[in-house]
Amino acid sequence: AMGNRKHIPISIKKQIVCMSAKIANKNKIAYLLDVSPRTVRRVLRLAHTTGSVVRRPIQSGGPRLLNGLHAAFLEGCIERRPDILLTELRQELWEVHAIVVSGDTIARTLRRRGFTRKKV
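Residues numbered from 1 in each chain as written. Predicted model: local features only at pLDDT ≥ 70, side-chain atom pairs only at ≥ 80, totals over all residues. Heavy atoms only, no water.

- Naming follows an unreviewed UniProt entry, where the chain appears as Homeodomain-like protein of Artomyces pyxidatus.

Now the structure itself:
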């Protein structure tokens, strides 16, 4: 069943997401944009779960262990206690979110968010 797939331009995928805000009927969106209802469902599901309409690895390496929520949580910890150590941040993540990551992972996550600290 994979043989009849055609490439859907990113502009169309973005339109699907935009139209879904105003048009609840996915079949109508499919009809208006001349794509299959299945394409509409797939693009919307992808947009909702990943925040992107394109399936591609974000960058090399494994999947991110810490998402935006975790990063924001870490930033909040730092704002409350600017001198907090990576080991303490690890402990906070474990206690609040039940997540175990290395200090390196925390440091990388914070650096990606534009946080530069002596301790990172």
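1. Remarks on the overall build of the chain
Right, on to step 1. Counting its regular elements, the chain contains six helices and zero strands.
Right, on to step 2. Reading the helices (α) and strands (β) of the chain from amino to carboxyl end gives α-α-α-α-α-α.
Right, on to step 3. The buried share among the 120 residues of the chain stands at 33%.
Right, on to step 4. Pairs at least 24 apart in sequence give 46% of the contacts found in the chain among residues at least 6 apart. (Helix = DSSP H or I, 4+ residues; strand = E, 2+ residues; numbered from the N terminus. Buried < 20%, exposed > 50% of the residue type's maximum accessible area, 1.4 Å probe, protein only. Contact = heavy atoms within 4.5 Å.)

2. Describing the nonpolar core
Right, on to step 1. Counting residues in each nonpolar core, the largest one holds 15 residues, and the members touching the most others are L66, L74, L89, L93, I106 and L110.
Right, on to step 2. Contributing elements (two or more residues each) for this core: α4 (68-80), α5 (86-97) and α6 (103-112).
Right, on to step 3. The greatest single-element share of this core, amounting to four residues, is contributed by α4.
Right, on to step 4. Ignoring anything within four residues of it in the chain, the contact list for I106 reads L66, L74, L86, L89, R90, L93 and V101.
Right, on to step 5. Residues L33, V40, V43 and V53 belong to the second largest nonpolar core, which totals 13 residues. (Core = buried A, V, L, I, M, F, W, Y, C linked by side-chain atoms within 4.5 Å.)

3. Considerations on α4
Right, on to step 1. Taking 1.5 Å of rise per residue, the 13 residues of α4 would be expected to cover 18 Å, and the 18 Å separating its terminal C-alpha atoms lies within 8% of that figure.
Right, on to step 2. Every buried residue of α4 is listed here: H70, A71, F73, L74, E75, G76, C77 and I78.
Right, on to step 3. The elements touched by buried residues of α4 are α5 and α6.
Right, on to step 4. Of the residues that open α4, the one with a side-chain oxygen 2.9 Å from the backbone nitrogen of L69 is N67. (Expected span 1.5 Å × (residues − 1). Polar contact = N/O pair within 3.5 Å; in protein donor to acceptor, adjacent residues only side chain to side chain.)

4. Quick notes on the pattern of salt bridges
Right, on to step 1. Applying the stated rule across the entire model yields three salt bridges.
Right, on to step 2. With a shortest N-O distance of 2.8 Å, E75 and R113 are connected by a salt bridge. With E75 in helix α4 and R113 in the segment after α6, this residue pair connects regions lying 38 residues apart in the sequence.
Right, on to step 3. What you see here is one network of salt bridges that share partners, running through R81, D83 and E88. (Salt bridge = Lys/Arg side-chain N within 4 Å of Asp/Glu carboxyl O.)

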